Amino acid sequence: MSYSITTTSEQISKFKSQLKNAPKYPVICASPTFTMTMLNMNTSDVALLTAFTLSGAPVGWLFAAPLRIPTMKCAMVIGAVGGITYAMQRSYQRLSGYLPNSSEVSKYSFRLDDNGIQKIPVRRDPIPQSILNQRSL
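Residues numbered from 1 in each chain as written. Predicted model: local features only at pLDDT ≥ 70, side-chain atom pairs only at ≥ 80, totals over all residues. Heavy atoms only, no water.

### Points about the overall build of the protein chain
Check the secondary structure of the protein chain and you find 6 helices and 0 strands. Residues counted as buried form 24% of the 137 residues belonging to the protein chain. In the protein chain, of all internal contacts separated by at least 6 residues, the share reaching a separation of at least 24 is 64%. Carbon and sulfur atoms provide 63% of the accessible area of the protein chain, an area that totals close to 10,300 Å². (Helix = DSSP H or I, 4+ residues; strand = E, 2+ residues; numbered from the N terminus. Buried < 20%, exposed > 50% of the residue type's maximum accessible area, 1.4 Å probe, protein only. Contact = heavy atoms within 4.5 Å. Areas by Shrake-Rupley, 256 points an atom, 1.4 Å probe, with all protein chains shown as cover.)

Here it is in structure tokens:
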């Protein structure tokens, strides 16, 4: 018994991913890495992370009468995980162009995912030409 696999263009187009919401702001990096996202956090992101972490202390203290200190510490860890998740999401969205990113656009004048090939239409060139002309190993 032999099987043949045939696909039509309709079957293939059904599985193509489509971008539903186009970025409204300049894209600095289409898919930022974990390190790039962490290094891009600004003071408001760190303040949110701190607020999420510290909000766990009174919640843990109020809702666990017999084991207050361990529950408070656990609630703070849960708050820290939520805070870092939310801060990374905001940083990722700014780099991807889904949140206002004027400070990032002024900081990076090149798209970071294209190795500086496509220039963002803004201010200055932070990368010296000698670095761009070097061959990668």
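Next comes the rest of the write-up.
### Comments concerning the pattern of salt bridges
Considering all chains together, one arrives at 3 salt bridges under this definition. Asp45 is the partner of Arg90 in a salt bridge, and the nearest nitrogen-oxygen pair spans 2.9 Å. With Arg90 in helix α4 (residues 68-96) and Asp45 in helix α3 (residues 43-62), this residue pair connects regions lying 45 residues apart in the sequence. We classify Arg90 as partly exposed; its relative accessible area is 22%. Residues Arg94 and Asp45 are paired through a salt bridge, measuring 2.6 Å at the closest nitrogen-oxygen approach. With Arg94 in helix α4 and Asp45 in helix α3, this pair connects stretches of sequence that are 49 residues apart. Each member of the pair, Arg94 together with Asp45, is buried. (Salt bridge = Lys/Arg side-chain N within 4 Å of Asp/Glu carboxyl O.)

### Some thoughts on the environment of Ala51
Take Ala51: it is sitting in helix α3. Taking relative accessible area as the criterion, Ala51 reaches 45% and is therefore assigned partly exposed. For the pair formed by Ala51 and Ala80, sequence separation is 29 residues and the distance between their alpha carbons is 8.7 Å.

### Considering α4
With 29 residues, α4 extends 41 Å between its outermost C-alpha atoms, agreeing within 8% with the 42 Å of an ideal straight helix rising 1.5 Å per residue. Residues of α4 that are buried include every one of Met72, Ala75, Gly79, Gly83, Ala87, Met88, Ser91, Arg94, Leu95 and Ser96, and no others. Among the structural elements, α2 (34-39), α3 and α5 (102-107) are those in contact with the buried residues of α4. Following α4 by one or two positions, Gly97 adopts a phi angle in the positive range, close to 95°. (Expected span 1.5 Å × (residues − 1).)

### Some thoughts on α3
Helix length check: α3, at 20 residues, gives a terminal C-alpha distance of 29 Å against a target of 28 Å (1.5 Å per residue), a fit within 8%. Considered for burial, the residues of α3 that qualify are Asp45, Thr53, Gly56, Ala57 and Gly60. End-on view of α3: buried residues confined to an arc of 140°, all on one side of the axis. Away from its buried face by more than 90 degrees, α3 exposes Thr43, Leu54 and Leu62. For α3, the elements touching its buried residues are α4. (Arc of directions from axis to C-beta.)

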